[in-house]
Amino acid sequence: MSKAFACFDKAVKILLFVLCVVMTCVEMAQIILRYVFKAPMVWAEESVRYMFIWCTFLAIGLAIDRDSFAKFDLLLKRIPDRAKRGYNTLLLVIAIVFFAMMTVFGIRSAIANSYQITSATQVSYSYVIMAVPCGSIIAIIYALKKIVSLYKKNDNDGEVTGK
């Protein structure tokens, strides 16, 4: 499982990196073409906006993996060490339920909006909306991996750290 997850993790990171590089290059070209040559690309701003949406949803899983998602650290510091594992598990299960709902509603929304076409790029708006279920599924995978790591052999007092 760890080898498969390592490949999955690397693929997500590479995809995010490529999207960020392309997004930066397109926006830089747009700025130069607009303000220096007075010839803007009509599709650039819309494309960058959609790439940013995809980057945001793809990065949610990495935030879970790095333990960077929102939680009540104040409460975590006050509960006994033996309860920390249960608290962290509860937070991850709540996140999994939330992302499962986001997946279902994201797919429904993508299907419902499949007939809409974006104005500048002329592609189906469902490609943009599919960032929600794709990112949610990735977040669920990372959360499940985090739960498994909480209950591995080495006892870490419920702390969710590292990989």
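Residues numbered from 1 in each chain as written. Predicted model: local features only at pLDDT ≥ 70, side-chain atom pairs only at ≥ 80, totals over all residues. Heavy atoms only, no water.

A short note on the overall build of the protein chain
Where we set the bar: Put simply, DSSP H or I for four residues or longer makes a helix, DSSP E for two residues or longer makes a strand, and each gets a number counted from the N terminus. Note that the radius of gyration is over C-alpha atoms, with the globule rule given as 2.2 Å times the number of residues to the power 0.38. Accessibility here uses a 1.4 Å probe with only protein chains present; expressed as a share of the type maximum, an area under 20% marks a residue as buried, one over 50% as exposed, and anything in between as partly exposed.
For the protein chain, the helix and strand inventory stands at six helices and zero strands. When the helices and strands of the protein chain are placed in sequence order, the string is α-α-α-α-α-α. A globule of 163 residues ought to have a C-alpha radius of gyration of about 15 Å, yet the protein chain, at 20 Å, is considerably larger. In terms of its C-alpha atoms, the protein chain occupies a principal-axis envelope of roughly 65 × 35 × 35 Å. Classification of the 163 residues of the protein chain by burial places 37% in the buried group.

Quick notes on the nonpolar core
Note the threshold: Only buried residues count toward a nonpolar core. Its members are Ala, Val, Leu, Ile, Met, Phe, Trp, Tyr and Cys residues joined through side-chain atoms within 4.5 Å.
Residues Val12, Leu16, Met51, Ile64, Leu92, Phe99 and Tyr142 are the most contacted members of the largest nonpolar core, which totals 25 residues. For this core, the secondary structure elements donating two or more residues are α1 (2–35), α2 (44–65), α4 (81–112) and α6 (131–150).

A short note on the state of the cysteines
Cysteine pairs can be linked by a disulfide, which is a covalent bond between their two sulfur atoms. Spelled out, the test is: Working definition: a disulfide is two cysteine sulfur atoms within 2.5 Å of each other.
Counted by the stated rule, this structure contains zero disulfides. Cysteine Cys55 shares no disulfide, and the gap to the nearest cysteine sulfur, in Cys20, comes to 3.8 Å. As a non-bridged cysteine, Cys134 has Cys55 as the owner of its nearest cysteine sulfur, 13 Å distant.

A look at unusual backbone geometry
Unlike most non-glycine residues, Lys38 shows phi in positive territory, near 55 degrees. Tracing the chain through its elements places Lys38 in the loop between α1 and α2. By relative accessible area, which is 64% here, Lys38 ends up exposed. Residues other than glycine seldom take positive phi values, yet Gln122 does so here, at roughly 60 degrees.

Topic: the packing of aromatic side chains
Test applied: Put simply, two rings from Phe, Tyr or Trp (the six-membered ring, in Trp's case) pair if the centres are within 6.5 Å, and we call them stacked under 30 degrees between planes, edge-to-face over 60, tilted for the rest. Only Lys NZ and Arg CZ are tested; either one counts as a charge over a ring when it is within 6 Å of the ring centre and within 35 degrees of the ring normal.
Under the defined criterion, the tally for this structure stands at five aromatic pairs. Aromatic pair Phe8 and Tyr142: ring centres 5.7 Å apart, planes at 45 degrees, arrangement tilted. Taken together, the positions of Phe8 in helix α1 and Tyr142 in helix α6 put the pair 134 residues apart, joining distant regions of the chain. For Tyr142, a relative accessible area of 0% gives the class buried. Each ring, one from Phe98 and one from Phe99, has its centre 5.3 Å from the other, and the planes form 70 degrees; the classification is edge-to-face. For Phe98, a relative accessible area of 44% puts it in the partly exposed group. One residue, Arg49, lies across the ring of Tyr50, its end atom 5.9 Å from the ring centre.

Observations concerning the side chain of Asp9
As a reminder, the rule being used: Under the rule applied, a polar contact is a pair of N or O atoms within 3.5 Å (in protein, one hydrogen donor and one hydrogen acceptor; residues adjacent in sequence only if both atoms are side-chain atoms).
With respect to the helices and strands, the residue Asp9 is situated in helix α1. Engagement of the side chain of Asp9 in a polar contact is seen with the side chain of Tyr142, the distance being 2.5 Å.

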